[in-house]
Amino acid sequence: MPVQPSIENHLLTSAKWCPSPNYNHRPSGANISLLVIHNISLPPRQFGGEYIESFFQNRLPREDHPYFAEIADLQVSAHLLIKRSGEVVQFVSFDQRAWHAGVSSFESETNCNDFSIGIELEGCDDLPYTSDQYTTLIQVTRLLMQRYPLITPTRIVGHDQIAPGRKTDPGATFDWKHYLDCLTGE
Ligand SMILES: [Zn+2]
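Conventions used here
Residues numbered from 1 in each chain as written. Predicted model: local features only at pLDDT ≥ 70, side-chain atom pairs only at ≥ 80, totals over all residues. Heavy atoms only, no water. UniProt positions renumbered as here; feature names shortened; annotations may be inferred. Helix = DSSP H or I, 4+ residues; strand = E, 2+ residues; numbered from the N terminus. Polar contact = N/O pair within 3.5 Å; in protein donor to acceptor, adjacent residues only side chain to side chain. Contact = heavy atoms within 4.5 Å. Salt bridge = Lys/Arg side-chain N within 4 Å of Asp/Glu carboxyl O. Buried < 20%, exposed > 50% of the residue type's maximum accessible area, 1.4 Å probe, protein only.

- The protein chain is annotated in an unreviewed UniProt entry as 1,6-anhydro-N-acetylmuramyl-L-alanine amidase AmpD of Nitrincola nitratireducens.
- Regarding the protein chain, the UniProt comment filed under Subcellular location (unreviewed entry) reads as follows: "Cytoplasm".
- What the UniProt record of the protein chain gives under Sequence similarities (unreviewed entry) is the line "Belongs to the N-acetylmuramoyl-L-alanine amidase 2 family."

Focus: the side chain of N39
- Along the chain, N39 turns up in strand β5 (residues 34–40).
- Here Y129 takes part through its side chain, which lies 3.0 Å from a polar atom of the side chain of N39.
- A polar side-chain atom of N39 sits 3.2 Å from the main-chain carbonyl oxygen of P170.
- Excluding anything up to four places from it in sequence, N39 contacts E120, L121, G123, C124, D125, Y129, D169, P170 and G171.

Some points on the pattern of salt bridges
- In total, this model carries eight salt bridges according to the counting rule given.
- In this structure, K83 engages E53 in a salt bridge whose closest nitrogen and oxygen atoms are separated by 2.8 Å. In this pair, K83 sits in the loop between β6 (80–82) and β7 (88–90) while E53 sits in helix α1 (residues 51–56), placing the two residues 30 residues apart along the sequence. As far as the burial class goes, K83 and E53 line up, both buried.
- With a closest N to O distance of 2.6 Å, R97 and D114 form a salt bridge. Taken as a pair, R97 in strand β8 (residues 96–98) and D114 in the loop between β10 (109–110) and β11 (116–122) lie far apart in primary sequence, 17 residues in all. By the burial criterion, R97 is buried, and D114 matches it.
- Among the charged side chains, a network of salt bridges with common partners joins E107, E109 and R155.

Listed below in structure tokens is the structure:
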């Protein structure tokens, strides 16, 4: 029997640990109470490889693609990346503040990084995500809701919802109905 994944010391046991330097402490009194879904692919619209890991570790090889030179100096991160295979990588411990949301607000609370967990799906706005990604995302979200119970289905949002006009991810191809139905159903 495979060991069921769990969250121990704010780390997902099934994730590959790939620490990012791009994080800081959450402000005192900030409760983990929002889940933000993103997408990323590097180069854009290309999947596979380890460029996302390199980007979140500030070691993206800027000579490998013209786009990399534009973004290589950004210091960003997310707590988790779910690759096309469903494999999960963790970059920042959940109790720490990852740098994924940028200028953002949810229900009049600004700076969503302070109180959210960020999950990147390897993908882009206009191509479907894989069924393995949904399977992993649903499993991980259930674990996060158990461990951080202020995260509820109405406090799971896309980046586009907390930074409207500035961000579009996870895009129209992300199947919110399937995802939320699976979270709340059997
Ligand atoms: Zn995003």
